[in-house]
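# Observations on the three-dimensional arrangement
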Amino acid sequence: SGEIMGVAGVAGNGQVELAECITGLRHLTGGHVLIAGVDLTNATPCAIASAGVNYIPADRLGVGLVPNLSTVENAVLRKYKQDAMCRRSFIDYGAACTYTDGLIEKFDIAVPLRNAPVKVLSGGNMQKLLLAREIEENPRLLIAEHPTRGLDVGATEFVRKTLLEQRDHGVAVLLISEDLDEILMVADRVAVMYEGRIVGVVDAHHVDIAQIGLMMAGAAGARA
């Protein structure tokens, strides 16, 4: 908790699979997933989310959000079963709208119409909505996979600032990115992956960039 662990590596070296294994989206054939000391290996995504793991996937529109659902419906995807958000078997739309309005204001999300499909939002505002939904769940572990990919400068700065704020609030953040500069800018430690394995962990504040580059390339003798 209270740390951003960056995961660096050339694309295709297991970073995505790591996130999917932790979040229950991929079946493990070996190893264990422990959340706060509890073994959740191959638990369902719902069980892992209930344990305090929240996920910002790289594919914000294909995995993180449902394109044809509205901003309100996407905002309550993690809350629709809670008593405050539903009446018997139906969503309390008034409560859902109030909750969504709070997220829009708090995270400065530009939404033309609450009932319009979320796919009409800009990439930056989609990412803000995704961040808002996951962060408002008060995560124990927040996994952010390529959270600034395809965003403009303003949205990128907002995302990085938000991750740092979460760290300062005691959240454990796992930042997966192919942008080494981004990782070194916000992470406390950096784990380097090569061919599906973590080959070294270094201090992001006292780092030898050349060594990280060699580890990312799988150079013999470079592994920490």
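Up top is the structure these notes are about.
Reading the values: rules and limits
Residues numbered from 1 in each chain as written. Predicted model: local features only at pLDDT ≥ 70, side-chain atom pairs only at ≥ 80, totals over all residues. Heavy atoms only, no water. Buried < 20%, exposed > 50% of the residue type's maximum accessible area, 1.4 Å probe, protein only. Helix = DSSP H or I, 4+ residues; strand = E, 2+ residues; numbered from the N terminus. Contact = heavy atoms within 4.5 Å. Phe/Tyr/Trp six-rings, centres within 6.5 Å; stacked < 30°, edge-to-face > 60°. Lys NZ or Arg CZ within 6 Å of the ring centre and 35° of its normal. Core = buried A, V, L, I, M, F, W, Y, C linked by side-chain atoms within 4.5 Å. Polar contact = N/O pair within 3.5 Å; in protein donor to acceptor, adjacent residues only side chain to side chain.

### Some points on helix 1 (residues 15-23)
Along an α-helix, residues three or four apart share an orientation, since each turn contains 3.6 residues. Those residues of helix 1 lying buried are Gln15, Ala19, Glu20, Cys21, Ile22 and Thr23. Lining the buried residues of helix 1 we find strand 1 (3-8), helix 2 (45-50), strand 4 (53-56), strand 7 (141-145), strand 8 (172-176) and strand 9 (189-194).

### Side note on the packing of aromatic side chains
Tallied over the full model, the rule gives one aromatic pair. One residue, lysine 128, lies across the ring of phenylalanine 158, its end atom 4.9 Å from the ring centre.

### A look at the nonpolar core
Formed by 47 residues in total, the largest nonpolar core has its most connected members in Leu163, Val190 and Ile212. When residues in this core are grouped by element, the largest group, six residues, is from helix 6 (residues 123-135). Residues within four places of leucine 163 in sequence aside, it is in contact with Ile4, Leu142, Ala144, Pro147, Val173 and Leu175. Core analysis: the second largest hydrophobic core is formed by 20 residues, Leu28, Val33, Leu40 and Leu174 among them.

### A few points about the side chain of asparagine 13
Relative to the assigned elements, asparagine 13 resides in the loop between strand 1 and helix 1. Owing to a relative accessible area of 10%, asparagine 13 belongs among the buried residues under this scheme. A polar contact is formed between the side chain of asparagine 13 and the backbone oxygen of valine 10, at a distance of 2.9 Å. A distance of 2.6 Å separates a polar atom in the side chain of asparagine 13 from the backbone nitrogen of glutamate 195. If we ignore the near neighbours within four places in the chain, the residues touching asparagine 13 are Met193, Tyr194, Glu195, Gly196 and Arg197.

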